[in-house]
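Summary of the model geometry
Listed below, chain by chain, are the residues.
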Amino acid sequence: MDVLSDVLQKIRIQGALFLNTECHEPWCMQVPEGPDLAKFLYPQAERLIICHTVLEGRCWIQPAGGEPVALNAGDAVTL
């Protein structure tokens, strides 16, 4: 069994929200941190996992207090 399958069997996912956006340069957005976003999207949640997937092109992501990281089509990041 691969690691992802093992992890998914052990965690309890209670819901999901998918947002699709199409962005063209120049653009920028700031996403609230997990605990702040959880209060808005699902107040009963103990935690919230934020995932971003780049379907086309490229972009940069900069976690709060972190260094910018380049992402390309096919890349996914979990915060």
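Please refer to the structure placed before this passage.
Residues numbered from 1 in each chain as written. Predicted model: local features only at pLDDT ≥ 70, side-chain atom pairs only at ≥ 80, totals over all residues. Heavy atoms only, no water.

1. Section: the overall build of the protein
Counting secondary structure elements, the protein contains two helices and four strands. The helix and strand sequence of the protein, counted from the amino end, reads α-α-β-β-β-β. Taking the principal axes of the C-alpha coordinates as reference, the protein spans close to 40 × 35 × 25 Å. Within the protein, the fraction of its 79 residues that count as buried is 11%. Carbon and sulfur atoms form 55% of the exposed surface of the protein, whose accessible area is close to 7,600 Å². The centroid of the 5 positive side-chain charges in the protein is displaced by 11 Å from the centroid of its 10 negative side-chain charges. (Helix = DSSP H or I, 4+ residues; strand = E, 2+ residues; numbered from the N terminus. Buried < 20%, exposed > 50% of the residue type's maximum accessible area, 1.4 Å probe, protein only. Areas by Shrake-Rupley, 256 points an atom, 1.4 Å probe, with all protein chains shown as cover. Lys, Arg positive; Asp, Glu negative; His and termini not counted. Charge placed at Lys NZ, Arg CZ, Asp CG, Glu CD.)

2. A few points about the pairing of strand E2 (residues 58–61)
The alternating pattern of E2 places Cys59 and Ile61 on a buried face and Arg58 and Trp60 on a face that is not buried. Where E2 lies against strand E3 (residues 69–72), four bridges are found, and the strand directions are antiparallel. If you follow Trp60 over to E3, its bridge partner there is Ala70. (Pairing = 2+ DSSP bridges.)

3. Side note on the pattern of salt bridges
Under the counting rule described, the total for this entry stands at one salt bridge. Notably, a salt bridge pairs Lys10 with Asp6, separated by 3.2 Å at the nearest N-O pair. Of the two residues, Lys10 and Asp6 are both situated in helix H1 (residues 3–10); the distance of four residues between them amounts to about one turn of the helix. Residue classification places Lys10 among the exposed positions, given a relative accessible area of 62%. On the accessibility criterion, Asp6 (31% relative accessible area) is partly exposed. (Salt bridge = Lys/Arg side-chain N within 4 Å of Asp/Glu carboxyl O.)

4. Some points on helix H2 (residues 34–41)
Within the sequence span of H2, burial applies to Gly34, Leu37 and Ala38. Mapping the buried residues of H2 onto a view down its axis gives an arc of 105 degrees, with all of them on the same face. Looking at H2, the residues exposed on the side facing more than 90 degrees away from the buried face are Pro35, Lys39 and Phe40. (Arc of directions from axis to C-beta.)

5. Notes on a nonpolar patch on the surface
Taken together, the side chains of Val3, Leu4, Val7, Leu8, Ile11 and Ile13 present a nonpolar region at the surface, about 580 Å² in accessible area. Mapped onto the secondary structure, Leu4 falls in helix H1. Note on Leu4: relative accessible area 56%, which makes it exposed. (Patch = residues over 30% accessible without salt bridge, like charges linked within 9 Å, V, L, I, M, F, W, Y side chains within 5 Å.)

6. Focus on the environment of Ala64
Mapped onto the fold, Ala64 is located in the loop between E2 and E3. Since its relative accessible area comes to 62%, Ala64 is described here as exposed. Here the alpha-carbon distance between Ala64 and Arg12, two residues 52 residues apart in the chain, equals 27 Å.

7. Comments concerning the environment of Ile13
With respect to the helices and strands, Ile13 occurs in the loop between H1 and H2. Its relative accessible area of 60% is what places Ile13 among the exposed residues.

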